[in-house]
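# Structure assessment
Okay, here's what each chain looks like letter by letter:
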Amino acid sequence: MDELTPILTLIRRYLETTSRLVTEMQRELGHRDLLRAVNGRLLARDGALKGGARYSFHGVGCEIDDGTLVVDLDFGPDARFDGFDAWRLASFASQFPELASFHDPNVVKRNLEELHVAGRIIFPRWEPSPHLYYLAS
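What comes next is a walk through the structure. (Residues numbered from 1 in each chain as written. Predicted model: local features only at pLDDT ≥ 70, side-chain atom pairs only at ≥ 80, totals over all residues. Heavy atoms only, no water.)

## Quick notes on helix α4 (residues 105-117)
Inclusion rule: Each helix corresponds to a stretch of at least 4 residues labelled H or I by DSSP, and each strand to a stretch of at least 2 residues labelled E; elements are numbered beginning at the N terminus. For a helix, the expected span equals 1.5 Å multiplied by the number of residues minus one. By the convention used here, residues are in contact when the closest approach between their heavy atoms is within 4.5 Å. The definition of a polar contact used here is a pair of N or O atoms within 3.5 Å, where within protein one atom must be able to donate a hydrogen and the other to accept one, and adjacent residues in sequence count solely through side-chain atom pairs.
In this model, α4 (13 residues) spans 18 Å end to end at C-alpha, consistent with the 18 Å of a helix rising 1.5 Å per residue. For α4, the elements touching its buried residues are α1 (5-29), α3 (86-93) and β5 (121-122). Capping the start of α4 is the job of one residue whose side-chain oxygen sits 2.8 Å from the backbone nitrogen of Asn106: Asp104. The first or second residue beyond α4 is Gly119, which carries a positive phi of 80 degrees.

## Topic: the packing of α1 against α3
The description of two helices packed together rests on the angle between their axes and the distance between the axes. Counted only if it meets this: Axis definition: a line fitted to C-alpha atoms, limited for helices to the stretch in contact. Angles are taken between N-to-C directions and run from 0 to 180 degrees. Here roughly perpendicular refers to angles of 65 to 115 degrees, roughly parallel to angles under 35, roughly antiparallel to angles over 145, and oblique to all remaining angles. In this classification, the charged set is Asp, Glu, Lys and Arg, the nonpolar set is Ala, Val, Leu, Ile, Met, Phe, Trp, Tyr, Cys and Pro, and all remaining amino acids, among them Gly, are polar.
Between α1 and α3, whose axes approach to 10 Å, the crossing angle comes to 85 degrees. One finds that α1 runs roughly perpendicular with respect to α3. For the pair α1 and α3, contact is made by Leu10, Ile11, Arg13, Tyr14 and Thr17 and by Arg88, Leu89, Phe92 and Ala93, respectively. Looking at side-chain class alone, the contact of α1 with α3 contains six nonpolar, one polar and two charged residues.

## Observations regarding the sheet that holds strand β2 (residues 54-58)
We apply this condition: Note on pairing: DSSP must find at least two bridges between two strands before they are called paired.
Within the open sheet, the four strands sit side by side as β1-β2-β3-β4. Their pairing is antiparallel. At either end of the open sheet lies a strand with only one pairing partner, and these are β1 (46-48) and β4 (70-74). Pairs of neighbouring strands in the sheet enclose a mean axial angle of 15 degrees, with direction left out of account. With five bridges joining them, β2 and strand β3 (residues 61-65) adopt antiparallel strand pairing. The residue bridging Ser56 from the neighbouring strand is Glu63, located in β3. Across the sheet, α1 lies against β1, β2, β3 and β4, angled at about 80 degrees from β4, the strand it touches most. Across the face of the sheet, α3 comes into contact with β2 and β4 while running at roughly 170 degrees to β4.

## What to know about the environment of Gly119
Tracing the sequence through the fold places Gly119 in the loop between α4 and β5. On a C-alpha basis, the gap between Gly119 and Ala136 in space is 7.0 Å, while along the polypeptide they are 17 residues apart.

## Observations regarding the packing of aromatic side chains
In plain terms, the rule: Any Phe, Tyr or Trp ring, taking Trp's six-membered ring, that has another such ring centre within 6.5 Å forms a pair; planes under 30 degrees apart are called stacked, those over 60 apart edge-to-face, and the others tilted. Think of it in three bands: with a 1.4 Å probe and only protein chains considered, a residue is buried below 20% of the maximum accessible area for its type, exposed above 50%, and partly exposed in between. Lysine NZ or arginine CZ positioned within 6 Å of the ring centre and within 35 degrees of the ring normal marks a charge as sitting over the ring.
Summed over all chains, the structure comprises seven aromatic pairs. With a centroid separation of 5.6 Å and 80 degrees between ring planes, the pair formed by Tyr14 and Phe92 is classed as edge-to-face. With Tyr14 in helix α1 and Phe92 in helix α3, the pair connects residues that are 78 residues apart, well separated along the chain. On the basis of relative accessible area, Tyr14 is assigned to the buried category, the value being 0%. With centroids separated by 4.9 Å and ring planes inclined at 50 degrees, the aromatic side chains of Trp126 and Tyr134 adopt a geometry described as tilted. Here Trp126 falls in the partly exposed class, since its relative accessible area comes to 31%. Its relative accessible area of 1% is what places Tyr134 among the buried residues. Here the aromatic residues Tyr14, Phe92 and Phe96 are joined through ring pairs into a cluster of three or more. One residue, Arg13, lies across the ring of Phe96, its end atom 3.9 Å from the ring centre.

If you want it as structure tokens, here you go:
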């Protein structure tokens, strides 16, 4: 286990949760590109899913609360939802006492910078969310 494993574990946990919730929204709401559907007024900005999860779109992103976890994400190009930044990761981590070392966005930011230098994540500055990092393939 290298020193970057804890931040990678947080990123994977965030991405797994985001993927589960967005996929559920896509399936239930009938749109792959949720942000485009909201901006085109095909979907309401705020709503609830049958399972009880609530969502609220903002700017280029969405906050989803499934009753046990809250995740905030910004969409990337082509309806991608696998991006992350320090604020979103710290906000997600704050829901877990065992992730206390990542409750501070500045700590997360330093870890992301180390991952970027190590080539484990990329920072492509893709629109509509040029602030997001992505796992390197």
